[in-house]
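An overview of the molecular structure
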Amino acid sequence: MKVNLCKKIAAGLLSAAMLCSAATTVSAVNIDTSSVAATATTSSDVIFETGFEDGEGISEFTGRGGVETIEAVTTDSYSGDYSMLVSGKTATWNGPQILLDDRCEAGVEYTAGAYVKTAWYSTVTLSMEYTDTSGTRHYSNLYSVISQGDWVQIPATKFSFTDDVTNVYLYIEGSDTVDLYVDDFVIAAGTVYEIEQDIPSLKDVYSSYFKIGTAVTTSELAPQATKDLIEKHFNSITLGNELKPDALLDQEASIAAGNENPQISLASARTILNYCRDNNISVRGHVLVWHSQTPDWFFKENYDDDGDWVSEEVMLARMENYIKNVFAAIEEEYPTVDFYAWDVVNEAWLDDGSARTGGAQSENSNYSGWVKVFGDNSFIEYAFEYARKYAPEGCKLYYNDYNEYITGKTDAIVEMALDLKEKGLIDGIGMQSHLDARSGSDAYPSVSAYRKALAAFAATGLDIQITELDATIVTNQPTDENFEGQAQYYSDIMDAIVEYSDYISAVVFWGTTDDRSWRATGYPLLFNEDYTAKPCFYSIVDGIEYETDPTEATTEEETTEATTEEETEEETTETTNAPGILYGDANLDGTITISDAVAILSYVSNSGKYPLSDEALDCSDVNQRGDGLSNMDATAVQKYISNTISVLPES
Ligand code: GLA
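Keep in mind the model is a prediction, meaning the values are calculated, not measured.

**Some details on the overall build of the protein chain**
- Helix and strand content of the protein chain: 18 helices and 20 strands.
- Counting the 651 residues in the protein chain, one finds 55% classified as buried.
- When contacts within the protein chain are restricted to residue pairs at least 6 apart in sequence, those whose partners lie at least 24 apart make up 76%.
- With the model as given, the accessible surface of the protein chain reaches about 25,900 Å², and the carbon-plus-sulfur share is 46%.

In C-alpha cells form, the structure reads like this:
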C-alpha cells in the first residue's frame, strides 16, 4: 500500500514542506539496496566485421553518391594487407554506406567502429540515416575523428533505431572530397539491459506533489530498457530536440508557401509522439521561440540563408504562422496526446537581466535572430500572445531559462512574468536547473540560492515547472565520495522543491542514464549506464512517501505527528516576540510557514498589487529590524522554517 504521509501531516501544525525537508537526507536512506540486484545481462556479439582481406566484405558497401569508387586495395592498411579505398568523391557526404535493415534489429543497441585515414587534414564522420513512415529521411552524426595522413580510430560507437523506420544505413562521410581509407570495420551488439523493477517508482513517490518527467531523443528511445525505465518512473516526456524550430521547420516548403507562412513537419517528432500516444504519457512541448536551434534562414528574406534580415512586420507574421502551424499539426496528428505545457520562449534574458546581442547563430551561438529583427526582447510578448491564441485549452504556457538564481536574471524574469500575467498571457516559469553538485560542498548554485529563486518565482503567483534538472559531479571523477556528495545535493534541492510544491506542477529530469546525457562527463542523472539507480536516486525517494507495509506507515505517521507538536511548541517559545506580534507571520494566520516568505516576496516585488497591513509589515520585518522589507526578510523566514536559525527576528 502506498500512503501519502507528507500530505496527511500537512493537516497538522507545520507545513508538509518542513517535514519532508527534514526527512529527505542522505544519511537517512532506508531502502534496502542489498536486495536490489542489478539485472543487466550482457551479450556483446559481433554482427559484422571485415578487414577487407582479399576483398572480403567489400561488396556489402555501396557509394552514397553513386560516383565514388569503392574497392579493396593493398596500397595501405591499418592491419593485415588490405583496406577499403574510397576515391572519386565529388561531395563531402559521398562515401561508403552499409544497409542495416536485415542485419540489425529495431529496439536493440549496437556499436560500430573502424579505422580511417585521409591523405591530409580532414574530419571523418560515422553517421546514420533512416527513413520515417512519411518517407522523410533523417541523418545523424555519430562520431567524428580527424586524420592528417595517419590512421585514426572511430571507437565502438553506440547506435540504435526504432521499429517504425526503414532504410537504415551507417555511412562514413568527410569534411572534403579527399580519398578515404577504411579498415577493420565492426558492428557488434551492445549490452542488453533490464531495469530494476523492485525499486520505488519516482512518479508514484511524487504523485501527490507534481508530475515527474524526463527528456528523451529518438535514438535514446530505441533500447527496450529505456522504454521500461520511462514507463516505470516517469509520467511526462519532453522531446530532447524533436520539437525545436530546427527540427520542425521545412525550408523548401516554406519558400513555396510565400514569405510569411513558415511550413513545418512533425516528421522528426513522430517516433516519440507515437510512443507517448500509445503509452498514454503526457508531453511538455519544448520550444516555440528560441535563439538557438533555429536556422538563420528563418529570419531572412525568402528564407534564403544569404538573404537580408526581414522586417519586424514580416517576422511577426512568420512567428504567428509558425506557432499556429505547430499547434494545428499537433491537433491534427496527435489529438489524444496530452500536451499539458509548452515552453513558449527559451533563454531570452542574460545573467545581468539584459537582452541577447542580435545576430546570426552561424556567427555566434549566443546571438539571437529575434533580437536582431526586433532590436530588443519585445518579441517575447508577441510570442505569448500568439501561443495563447492557438494553444488548446488546458495547455499551460511557460517562459523557460537557465541560471535563474542569478539576481539580474531572476529580476528580469519576474518583471516580465508579472507583466505577462497581468495581460493573461503566461501560466508559469520553467526553471531548467542544469546544476553542478560538484563534490557536494562546493555545489553551484547553493541550495539557498536555488530556494531563493523558487521563492521569487512563487511570489509571482504563477506556476513553476522544473524543466531540465541534472546535477553534475566533478568532471570525469566518478568516485563514491562524489556520488555521495551528488546524492546529498540532489536531496537538498528536492527538499527545496517539495517545500514549494504548492507552486510546482512538474519536475522534469534532462535524460535518463548518465552515458546519454549532454553532460555525460559529469554523470548528472539518476541512473547509471547499466540502468541501475544511483545514490542520488535513493536520496530523493527516501523519506518522501513510499510504504508497502501499512503497519509501518501508521507507526511512522504517529511518530512524525508527535514530533510536529513538539517542534511547534519549540518554535513558539524560541521566537522573541513583542506582545501580540509573531515575527515572521506575514499573513497573520498565527503560524510561520513558507506562505509567509511568499507574502513578503510578493510585497517586495509589487507592493501595490500585494499590499501588507501595518501589522503584517511589522511582523514581516525580521531581518535587521527597522530597515524596511526586502528579499532578505523572506530569506530569514525560510531560514527559520528550515531550522538554519532558531530565532526571529534575525539580527
Ligand atoms: C538548453 C535547452 C535544451 C537543451 C539543453 C542542452 O537547456 O533548453 O533544449 O538543448 O540546453 O541539451
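**Here's the deal with the packing of aromatic side chains**
- Here the structure, examined in full by the defined rule, presents 31 aromatic pairs.
- Here Y78 and Y115 contribute two aromatic rings whose centre-to-centre distance is 3.6 Å and whose plane-to-plane angle is 10 degrees, an arrangement assigned as stacked. Pair noted here: Y78 is in the loop between β3 (69–73) and β4 (83–87) and Y115 is in strand β6 (residues 110–118), with a separation of 37 residues, a long-range link.
- With relative accessibility at 18%, the residue Y115 sits in the buried group.

**Concerning the packing of helix α10 (residues 379–390) against helix α11 (residues 407–422)**
- The contact between α10 and α11 brings their axes to 11 Å, and the two run at 40 degrees. Judged by the inter-axis angle, α10 sits oblique to α11. You can see that α10 and α11 cross each other, and the crossing is right-handed. Contacts between α10 and α11 involve I380, E381 and F384 from the first element and M416, D419 and L420 from the second.
- By residue class, the composition of the contact of α10 with α11 is four nonpolar, no polar and two charged.

**Thoughts on the packing of helix α16 (residues 594–605) against helix α18 (residues 631–641)**
- At their nearest, the axes of α16 and α18 sit 8 Å apart, and the two run at 175 degrees to each other. By the angle between their directions, the pair α16 and α18 is classed as roughly antiparallel. Each of I594, D596, A597, I600, L601 and V604 in α16 lies in contact with α18, whose residues at this interface are N631, D633, A634, V637, Q638 and I641.
- Residue classes in the contact of α16 with α18 are distributed as eight nonpolar, two polar and two charged.

**Topic: the pattern of salt bridges**
- In total, this model carries 22 salt bridges according to the counting rule given.
- With a shortest N-O distance of 3.1 Å, D419 and K423 are connected by a salt bridge.
- Its relative accessible area of 42% is what places K423 among the partly exposed residues.
- Residue R451 pairs with E499 through a salt bridge whose shortest N-O separation is 2.9 Å. In this pair, R451 sits in helix α12 (residues 447–458) while E499 sits in helix α13 (residues 480–499), placing the two residues 48 residues apart along the sequence. Note on accessibility: R451 and E499 belong to one class, buried.
- Connected through shared salt-bridge partners, E109, K158, D515, R516 and E529 make up one network.

**Some words on the site of the ligand**
- The local shell around the ligand consists of K244, H286, W290, Q293, N346, E347, Q432, H434, E468, W510 and W518.
- Contacts to the ligand include N346, whose side-chain N or O atom sits 3.0 Å from an oxygen atom.
- The contact in question runs from an oxygen atom of the ligand to an N or O atom on the side chain of E468, over 2.4 Å.
- In isolation the ligand offers 300 Å² of accessible surface; the protein chains occlude 87% of this area.

**A closer look at the sheet that holds strand β2 (residues 62–63)**
- Strand order across the open sheet formed by five strands is β2-β5-β10-β7-β8, with antiparallel pairing between neighbours. If you trace the sheet from one side to the other, it starts and ends with β2 and β8 (137–147), each paired once.
- Alignment of β2 against strand β5 (residues 96–99), held across two bridges, turns out to be antiparallel. Each bridged residue has a counterpart across the sheet, and for T62 the counterpart in β5 is Q97.

**Side note on the environment of T635**
- Structurally, the position occupied by T635 is in helix α18.
- In this structure the C-alpha to C-alpha distance between T635 and N623, which are 12 residues apart in sequence, comes to 8.4 Å.

**Quick look at the pairing of strand β11 (residues 180–189)**
- For β11, a buried count of eight out of 10 residues is recorded, marking the element as mostly surrounded by other parts of the structure.
- Relative to β11, strand β1 (residues 46–50) is paired through four bridges, and the arrangement is antiparallel. In the sheet register, F48 faces β11, and the bridge partner there is I187.
- Pairing geometry for β4 and β11, over three bridges, is antiparallel. Bridge assignment links M84 to a residue of β11, and that residue is V182.
- In the sheet, β6 pairs with β11 via eight bridges, with the strands oriented antiparallel. The partner of A112 across the bridge, within β11, is I187.

Each value, and the rule that gives it
- Residues numbered from 1 in each chain as written.
- Predicted model: local features only at pLDDT ≥ 70, side-chain atom pairs only at ≥ 80, totals over all residues.
- Heavy atoms only, no water.
- Helix = DSSP H or I, 4+ residues; strand = E, 2+ residues; numbered from the N terminus.
- Buried < 20%, exposed > 50% of the residue type's maximum accessible area, 1.4 Å probe, protein only.
- Contact = heavy atoms within 4.5 Å.
- Areas by Shrake-Rupley, 256 points an atom, 1.4 Å probe, with all protein chains shown as cover.
- Phe/Tyr/Trp six-rings, centres within 6.5 Å; stacked < 30°, edge-to-face > 60°.
- Axes fitted to C-alpha atoms, helices over the stretch in contact; angles between N-to-C directions.
- Parallel < 35°, antiparallel > 145°, perpendicular 65-115°, else oblique.
- Left-handed = near helix turned anticlockwise from the far one by under 90°.
- Nonpolar A, V, L, I, M, F, W, Y, C, P; charged D, E, K, R; others polar.
- Salt bridge = Lys/Arg side-chain N within 4 Å of Asp/Glu carboxyl O.
- Near = heavy atom within 4 Å.
- Polar contact = N/O pair within 3.5 Å; in protein donor to acceptor, adjacent residues only side chain to side chain.
- Pairing = 2+ DSSP bridges.

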